[in-house]
Amino acid sequence: MDKIDFEDFAKVDVRVGTIVRAESFPEARKPAIKLWIDFGDDLGEKKSSAQIVTHYDPAALLGKQIMAVVNFPPRQIGKFMSEVLVLGLPDPSGDIVLVGPDHPVPVGGRLH
C-alpha cells in the first residue's frame, strides 16, 4: 500500500455519531441494515447502509456510538441513499464488527 502524508489523512473526515434508528434492509443485494446516525449540530442526521447483520440486530444498535467517514459523496443503495461510510473491521470469518469509542464522547467529534 502506498504511503500518504498528513495532508492526505486530513482530507478524510471521520466523525463519531450515535445510531438513532436502525431497520433491516431486505431489498439490498447483500444482507444489510439501514442506519440513521446523529452527528450533532454541525452535520445533523445522516443515513448509511451497513452489511453488519451477522453481529448486529437493528434494535440492539440504538444508542450505539460508531465512527464513519462523513465526506464521501452519497451512494445510492437500491432505493436508499447512503450518505456516510460506517467503519468496521473484519472478524476471523470476514464479517464486520463496528468501530466506535470505548467511552461515551460528544457526537460529531472528529478522529485525530
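In this text, all values refer to a predicted model and were calculated from it rather than measured experimentally.

So what's going on with the overall build of the chain? Which residues, and what values?
Each helix and strand counted, the chain has two helices and nine strands in total. Over its C-alpha trace the chain gives a radius of gyration of 14 Å, about what one expects of a compact globule, namely 13 Å for 112 residues. If one aligns the C-alpha atoms of the chain with their principal axes, the spans along those axes are about 40 × 35 × 30 Å. For the chain, the residues scored as buried account for 33% of the 112 residues in total. By sequence separation, contacts in the chain at least 24 residues apart represent 56% of the contacts at least 6 residues apart. Working note: accessible area of the chain is about 7500 Å², and carbon and sulfur atoms make up 55% of it. The averaged location of the 16 negative side-chain charges in the chain is 6 Å from the averaged location of its 13 positive side-chain charges.

Quick rundown of a nonpolar patch on the surface? Include the residues and the values.
There is a patch of nonpolar side chains on the surface, built from Ile-4, Phe-6, Phe-9 and Leu-111 and spanning about 420 Å² of accessible area. Along the chain, Phe-9 turns up in helix H1 (residues 6–10).

With reference to specific residues and values, describe the nonpolar core.
Ranked by internal contacts, the top residues of the largest apolar core, which has 16 residues, are Leu-35, Ile-37, Ile-52 and Leu-61. No other element matches strand S2 (residues 33–38), which puts three residues into this core. Aside from chain neighbours lying at most four places away, what touches Ile-52 is Ile-33, Leu-35, Leu-61, Ile-96 and Leu-98. Ranked by size, the runner-up nonpolar core spans five residues in total, among them Ala-28, Ala-32, Trp-36 and Phe-80.

Before we move on, could you go through the packing of aromatic side chains and cite the residues and values that matter?
Aromatic ring pairs are reported here in terms of the distance separating the ring centres and the angle at which the planes meet. Tallied over the full model, the rule gives three aromatic pairs. Judged by centre distance (6.0 Å) and plane angle (50°), the ring pair of Phe-6 and Phe-9 falls under tilted. Here the residue Phe-6 and the residue Phe-9 both occupy positions in helix H1, the gap between them amounting to three residues, near one helical turn. Ring geometry for Trp-36 and Phe-80: centres 5.6 Å apart, planes at 80°, overall edge-to-face.

Quick rundown of the pattern of salt bridges? Include the residues and the values.
Should the charged atoms of two oppositely charged side chains come close, the side chains can pair. Throughout the structure, instances matching the rule amount to five salt bridges. Put simply, Glu-23 and Arg-21 hold a salt bridge, and the shortest N to O gap is 2.7 Å. Several salt bridges converge on common partners, so that one network encompasses Asp-13, Arg-15 and Arg-110.

Could you give an account of the UniProt feature "domain: TRNA-binding" (unreviewed entry) in the chain, naming the residues involved and the relevant values?
Per the UniProt record, the feature "domain: TRNA-binding" (unreviewed entry) sits at residues 8–112. Between the end C-alpha atoms of residues 8–112 the distance is 13 Å, and the span holds 7% helix and 40% strand.

Each value, and the rule that gives it
- Residues numbered from 1 in each chain as written.
- Predicted model: local features only at pLDDT ≥ 70, side-chain atom pairs only at ≥ 80, totals over all residues.
- Heavy atoms only, no water.
- Helix = DSSP H or I, 4+ residues; strand = E, 2+ residues; numbered from the N terminus.
- Rg over C-alpha atoms; globule rule 2.2 N^0.38 Å.
- Buried < 20%, exposed > 50% of the residue type's maximum accessible area, 1.4 Å probe, protein only.
- Contact = heavy atoms within 4.5 Å.
- Areas by Shrake-Rupley, 256 points an atom, 1.4 Å probe, with all protein chains shown as cover.
- Lys, Arg positive; Asp, Glu negative; His and termini not counted.
- Charge placed at Lys NZ, Arg CZ, Asp CG, Glu CD.
- Patch = residues over 30% accessible without salt bridge, like charges linked within 9 Å, V, L, I, M, F, W, Y side chains within 5 Å.
- Salt bridge = Lys/Arg side-chain N within 4 Å of Asp/Glu carboxyl O.
- Core = buried A, V, L, I, M, F, W, Y, C linked by side-chain atoms within 4.5 Å.
- Phe/Tyr/Trp six-rings, centres within 6.5 Å; stacked < 30°, edge-to-face > 60°.
- UniProt positions renumbered as here; feature names shortened; annotations may be inferred.

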